[in-house]
Structures are given as structure tokens and as C-alpha cells.
Amino acid sequence: MEAAHRSSFLREWILTVDHKKIGILYGITSLVFLFLGGLAALVIRTELFRPGQDVVTPDTFNQLFTMHGTIMIFGFVIPMLTGAFANYLVPIMIGARDMAFPRMNALSYWLFLLGGLVLLSSFFIGQMPDVGWTAYPPYSIESKGLGLDLWVTSVHILGLSSILGAINVIVTIFNLRAPGMTFSRLPLFVWSSLATAFIQLFGVPALGGAVTTLLLDKHAGTIFYNVAAGGDPMLYQHLFWFYSHPAVYVMILPAMGIVSEIIPVFARKPIFGYKAVAYSSLTIALLAFFVWAHHMFVAGMQLSAGIPFMVTSMIIAVPSAIKVFNWLATLYRGQIDFKTPMLFATLGFVGLFTIGGLSGLYLANVPVDLHLHDTYFVVAHFHYVLFGGSLMAILAGLYFWFPKAFGRMYNETLGKWTFALFFIGVNLTFFPMHFAGMLNMPRRYFDYSYDPSLAWLNQISTIGAYITGVAAVLLAANLVVSAVRGAKASANPWGALTLEWQTSSPPPHENFEEIPVVTSGPYEYGEPETPRKRFKYGQTVGGETISG
């Protein structure tokens, strides 16, 4: 019996090519990386609690913030959004039985896991990278030990995983849609995943080229970044940010897609301006490739070269603002039910992302950026976008689709407590950093001189980080216990209209007994006949089987 069980586990999970199970594997692995990256952040915040203390050595501090940034971006946010959510949802949302290339899909996950393990191996051999997640030369190519080598190897493997995943998403959306699932009927999460996949497909190779040249300069004697021999370190920054600024939108566009799915369901209203929300995702994906140099205003660029990037950085805020306006218009006069996913989507994502977006507009100005560059103001800005924003949307999505993935309901009371602690913790951690930045506290410093204002602000931030840690533990406890002992979920506990809710919870192998025929849009709430109009036959909506 034990041998049979092991064989079943091997076949069901290790060798699986089912997009739903691969999505769950991505999700579990990403959550493990979230806790590892979070632990590194807690040590960093403990070190900065007061000036002059030595919780860790300066070298260890450099290694920790390098690992924290790399793990959170490449190990948690990107794979959670493009691996876990896109894998689980895209095929079932468009009425497909699986991804276009199931085996390549499985390969993407195992490459992601391998890349993460290569990065973590640097910890176990005592040679973690200390070059920051940007790895700027010349410091990075002069670093000792294997830290940079493992970091570059990990980035290459993770990048290959991203490219394979992006190809799968694009081909699946274009070729495997159910009958009647036209582009004007695609769920908005699918639109955002499509835009994100194109960013990854065209952006990741630039990052691969950049980090490869680091290794060549370090080990093969090339002179890409050797100024004395005619090289130019600015080349690396151009290549790095050509991918890494669009990567911000890889981490935010799917989050916007998740929010666009949740708000209409719990407001019981059609999404306001469907086409504007959908097309704004594509616009953001396109403009994302024209703003990279706004990270380089202090790197020696001429002012005349910086002005165009300042303008494009402001223009790209327009499609983001369109989305926020449409979400607020959807909420207006809606029958709002503040279940846990709705709290994370509205007060969490919309509220915190808006703060991060507005501070981003402020930083896009060349004169302001010259003053605040590399201060804690920048740390506050991108954490409001990528932690306050992306994380809130990820948690909203986890709670929203948890009943679908596991067939059980989560604990609603614990969910709301988790939201409250996350919301308080994130704001206590990052809002004071705006003021620390304006007091010129530089980021990535191991220590700071005694100043009552700076000490007070850092102590608030550290307390907020620990509250966020408690919230993360509550989240894990709720999800783990609910997956085993939670009340059984119906096929459609939220009364939603997208296709994943029209099949059982959890969905069967290949998703549908019969491929549905789609005859209307996904957000036509408030129309009593919508379920019968949208699905011709064989589908179960809110416990009722549509017979034709």
C-alpha cells in the first residue's frame, strides 16, 4: 500500500503535466520563498532598529539585502503571478483543457525550482552574493567567491523558465479558446497575463545578456565594463533596466488582472469600461520598454537624454490611472460585500498601489530624483507598488480562488484578521521610509548616525515589519488548516460568471466534462438571465445546471 501511495504521489505531482497542479506547485514553492525572503527582511529591520547595534556583520547585511531582493522578485512575486495564477487560471478561464504545451509547462516549473535552489545553495556553502539585486559593475565583477556566479546561474535558469512560460501563455490564449470566447469576451486576468507574457518574452533576453557579460568580465578577461580598457559600466545599466523596469509591470499587470476579477464579483456590477481596462494592459506593456533610463538620472546621463524618459515615465501613469478610475467606478453604487478577497483587492491593492503610483510620479521628475535617488524614499515607493500592491493582490487572489483549487472554504474571520495585520504592518513599515528618505537616509547602509528623528522612524518601520510577519504566519495557518479541515466549497461560492466557476471545486481532470460555448461577456452581473445567456448547456451556475 505504501509503495502504491508513493507511486501515486510521484505520478500525480512530480510527473504531472496538469496545469492546475503545476500552478499549485508554483504557488506553494513561491510561498516558501516569501517566508525565506521575509526572514531576511526581518533580520535587516532588526539591525536598523536603532543606530550602532551589531545584530549581523556589515558583510552579512549586504548578503541579506541581496538575497531578500532577489528572492522576493524572482522567487516570489514573478513566479506567483505568472507561474501559479496564470498556470491555474488562464486555460480554465478561456475554456481550454490545458496549456498548449503541457510538458514544456512542467519543465518551466522544475526550472524555476532549480533556479531557486541554486540561489539558496549560496547560503549553505557560506558564499551568498553581496552585490544587490542589480549587481552593478565594477563592484560585482570584483566580488570574491562564488556568490556572483551562483546568482548569475540562478538568474539564467529562472529566465529560461519565464520565457518558456510566456510562450505557453501566448500560444494557449491565441489557439485554445473555447467556441465563442472572442477577445472581447476574455476575462481581464487573461488580458493582463497576455500582456505580461509579451514583456517577459522580449525583456528577459536583455537581462540574460547583461548578467552573462558580468561573468565574462570576471572569468574570461573581456572588457565590457573595464573603463581603463575602453569598456563602459553604463552599458550594463542600460541592458539591466531594459528588462528590469518592464519587470515591474510583470509584477503589477497580473495583480491588476486579479483585482479586475474580484471587484465586479463582490460589487455585483459589470466592470466599468471593460475595453479601457483590457487595452490599458497592452498599453502599459508597450510603454514599459520606453522608460528604463529613468533609473539612471544620476548615472552620468546628460539632462537632455533624461527628459524624454521623464516624460514617458509620466505618460505610463495614464493607463494605470485608467484602471484605478474604472475600479472605483465599478464600486460606485455597487452592492459591496467586503469578504476577505474584496478587502485585499480594494483597501489593500487599490489603496496602497495608488500611494506607490503617486510617489512614482514624484520620483519621475529629474530634479526630484537627483535629490532622492538611493534614499529610503525610493525604498518606500517601490515597496508600496510591489509589496503593498502586488502582495495585496496576490493575497486577494489566494483567498478568492482557494475554494476552487482545494474544494474547501478558508476561515473568513482569520482572513479578515490577516488583512488587518497586513494592512497595518505594511503601512507602519514603509510609510515612515518616505520621511527617512527626505531626511537623506541612504538605502542599503548597514548603520546610520544617531538622529532622534531617524531612530524613531526606523523603530516604527521595524515594529511594522514584525506585525507583517505575524500576519504571514496567520495566512499560512489559515490556508494549511482550511485545506485539510475547511468546510466543503460549492462549485461557485461567490456567484461569479467566469468559466472557472462553472465547473466543480476542485475542477476535474481537463477542467470540463464538455467544452462550454460562450455567448456573452464575463462580467454581466445584475442581469438575471446572464447565466443562461452565457453558457449554452451542460454548465453549473450557482448550483443550477444549465440545460440549454
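That block above? That's the structure.
Calculation criteria
Residues numbered from 1 in each chain as written. Predicted model: local features only at pLDDT ≥ 70, side-chain atom pairs only at ≥ 80, totals over all residues. Heavy atoms only, no water. Helix = DSSP H or I, 4+ residues; strand = E, 2+ residues; numbered from the N terminus. Rg over C-alpha atoms; globule rule 2.2 N^0.38 Å. Contact = heavy atoms within 4.5 Å. Lys, Arg positive; Asp, Glu negative; His and termini not counted. Charge placed at Lys NZ, Arg CZ, Asp CG, Glu CD. Salt bridge = Lys/Arg side-chain N within 4 Å of Asp/Glu carboxyl O. Buried < 20%, exposed > 50% of the residue type's maximum accessible area, 1.4 Å probe, protein only. 1 Å grid on protein atoms, 1.4 Å probe; cavity = no way out; pocket = protein on both sides within 12 Å on 5 of 7 lines; lining within 4 Å. Points joined across faces, edges and corners; volume = space filled by probe spheres on them. Nonpolar A, V, L, I, M, F, W, Y, C, P; charged D, E, K, R; others polar. Axes fitted to C-alpha atoms, helices over the stretch in contact; angles between N-to-C directions. Parallel < 35°, antiparallel > 145°, perpendicular 65-115°, else oblique. Left-handed = near helix turned anticlockwise from the far one by under 90°. Expected span 1.5 Å × (residues − 1). Bend = angle between axes of the 7 residues up to and from the residue. Polar contact = N/O pair within 3.5 Å; in protein donor to acceptor, adjacent residues only side chain to side chain. Core = buried A, V, L, I, M, F, W, Y, C linked by side-chain atoms within 4.5 Å. Phe/Tyr/Trp six-rings, centres within 6.5 Å; stacked < 30°, edge-to-face > 60°. Lys NZ or Arg CZ within 6 Å of the ring centre and 35° of its normal.

(A) Expanded view of the overall build of the protein. Helices and strands together make up the secondary structure of the protein, namely 18 helices and two strands. A compact globule built from 548 residues should have a C-alpha radius of gyration of about 24 Å, and the protein, at 23 Å, falls within 12% of that. Dimensions along the principal axes, computed over C-alpha positions, put the protein at roughly 75 × 55 × 45 Å. When contacts within the protein are restricted to residue pairs at least 6 apart in sequence, those whose partners lie at least 24 apart make up 80%. Each charge class in the protein was averaged separately, 29 positive and 27 negative side chains, and the resulting centres sit 11 Å apart.

(B) Structural detail: the pattern of salt bridges. Counted according to the given criterion, the structure contains six salt bridges. Close ionic contact of E12 with K21 constitutes a salt bridge, the shortest N to O distance being 2.3 Å. A salt bridge links D18 to K20, with the shortest nitrogen-to-oxygen separation between them at 3.2 Å. There is no split in this pair, since D18 and K20 are both buried.

(C) Up close: empty space enclosed by the protein. In the structure shown here, the tally under the stated rule is four cavities of 30 Å³ or more. Within this model, the largest cavity holds a volume of roughly 320 Å³. Looking at the largest cavity, it is lined by 29 residues, and the ones nearest its centre are I78, T82, S161, S162 and Q200. The set of elements that each furnish at least two residues to the lining of the largest cavity consists of α3 (58-93), α4 (102-124), α6 (147-175) and α7 (188-220).

(D) Structural view of the layout of surface pockets. Of the voids in this model, the second largest pocket is the one considered here, and its volume is about 600 Å³. Along its surface, the second largest pocket is lined by 24 residues, and G27, I28, L31, L398 and F406 are the ones closest to its centre. Going through the elements one at a time, α2 (19-47), α3, α15 (376-406) and α17 (452-485) are the ones with two or more residues in the lining of the second largest pocket. Among the elements that make up the lining of the second largest pocket, the one with the highest residue count is α2 (seven residues). Across the lining of the second largest pocket, the residue classes tally to 21 nonpolar, three polar and no charged.

(E) Just the packing of α3 against helix α9 (residues 253-267), in detail. Interhelical geometry of α3 versus α9 gives an angle of 45 degrees and a closest axis separation of 11 Å. By the angle class used here, α3 and α9 are oblique. The handedness of the crossing between α3 and α9 is left-handed. The residues of α9 that touch α3, namely those facing L81, F85 and M93, are P254, A255, I258 and E261. The residue makeup of the contact of α3 with α9, split by class, is six nonpolar, no polar and one charged.

(F) Helix α8 (residues 233-250), seen in detail. The terminal C-alpha atoms of α8, which comprises 18 residues, lie 26 Å apart, in line with the 26 Å expected from a rise of 1.5 Å per residue. Maximal helix bending in α8 amounts to about 35 degrees, located at W241. Across the 18 residues of α8, 14 count as buried, placing the element largely inside the fold. Here α8 starts with a cap whose side-chain oxygen sits 2.9 Å from the backbone nitrogen of M234, and that cap is D232.

(G) Molecular detail of the side chain of T429. Examined against the element boundaries, T429 turns out to sit in helix α16 (residues 412-438). The exposure class of T429 is buried, given its relative accessible area of 5%. Once residues lying within four places of it in the same chain are set aside, the contact partners of T429 are S461, G464, A465 and T468.

(H) Here's a closer look at helix α11 (residues 303-315). Taking 1.5 Å as the rise per residue, α11 with 13 residues should run 18 Å; its terminal C-alpha atoms sit 19 Å apart, in good agreement. Among the residues of α11, G306, F309, M310, T312 and S313 are the ones counted as buried. Looking at the buried positions of α11, the neighbouring elements they touch are α12 (317-331), α13 (340-364) and α14 (366-372).

(I) Region of the structure containing the packing of α9 against helix α10 (residues 274-287). It is at 11 Å that the axes of α9 and α10 come closest, and there the two elements cross at 175 degrees. Taken together, α9 and α10 sit at an angle that is classed as roughly antiparallel. Contacts between α9 and α10 pair L253, M256 and S260 from the former with V277, S281, I284 and A285 from the latter. By residue class, the composition of the contact of α9 with α10 is five nonpolar, two polar and no charged.

(J) Main features of the nonpolar core. Ranked by internal contacts, the top residues of the largest apolar core, which has 164 residues, are F85 and F349. Per-element accounting of this core gives the leading share, 21 residues, to α3.

(K) How the structure looks around the packing of aromatic side chains. Under the definition given, this model contains 46 aromatic pairs. Considering the side-chain rings of F174 and F183, the 5.5 Å spacing of their centres and the 55 degrees angle between planes classify their relative orientation as tilted. The exposure class assigned to F174 is partly exposed, which follows from its relative accessible area of 43%. For F183, a relative accessible area of 26% puts it in the partly exposed group. Ring centres of Y362 and F377 lie 5.6 Å apart, and the angle between their planes is 55 degrees; this geometry places the pair in the tilted category. Placement of the pair is Y362 in helix α13 and F377 in helix α15, with a sequence separation of 15 residues. A residue is classified by how much of its surface remains accessible, and F377, at 5% relative accessible area, is buried. When the ring centre of W13 is taken as origin, the NZ or CZ atom of K21, which lies over that ring, is 5.5 Å away.

(L) View of unusual backbone geometry. The amide bond that connects P137 to the next residue, P138, takes the cis arrangement and shows omega of 10 degrees. Positionally, P138 belongs in the loop between α4 and α5 (139-142). The backbone of A135 shows a phi angle near 55 degrees, a positive value even though the residue is not glycine. Within the secondary structure layout, A135 lies in the loop between α4 and α5.

Keep in mind that these numbers describe shape and distance, not what the molecule does.
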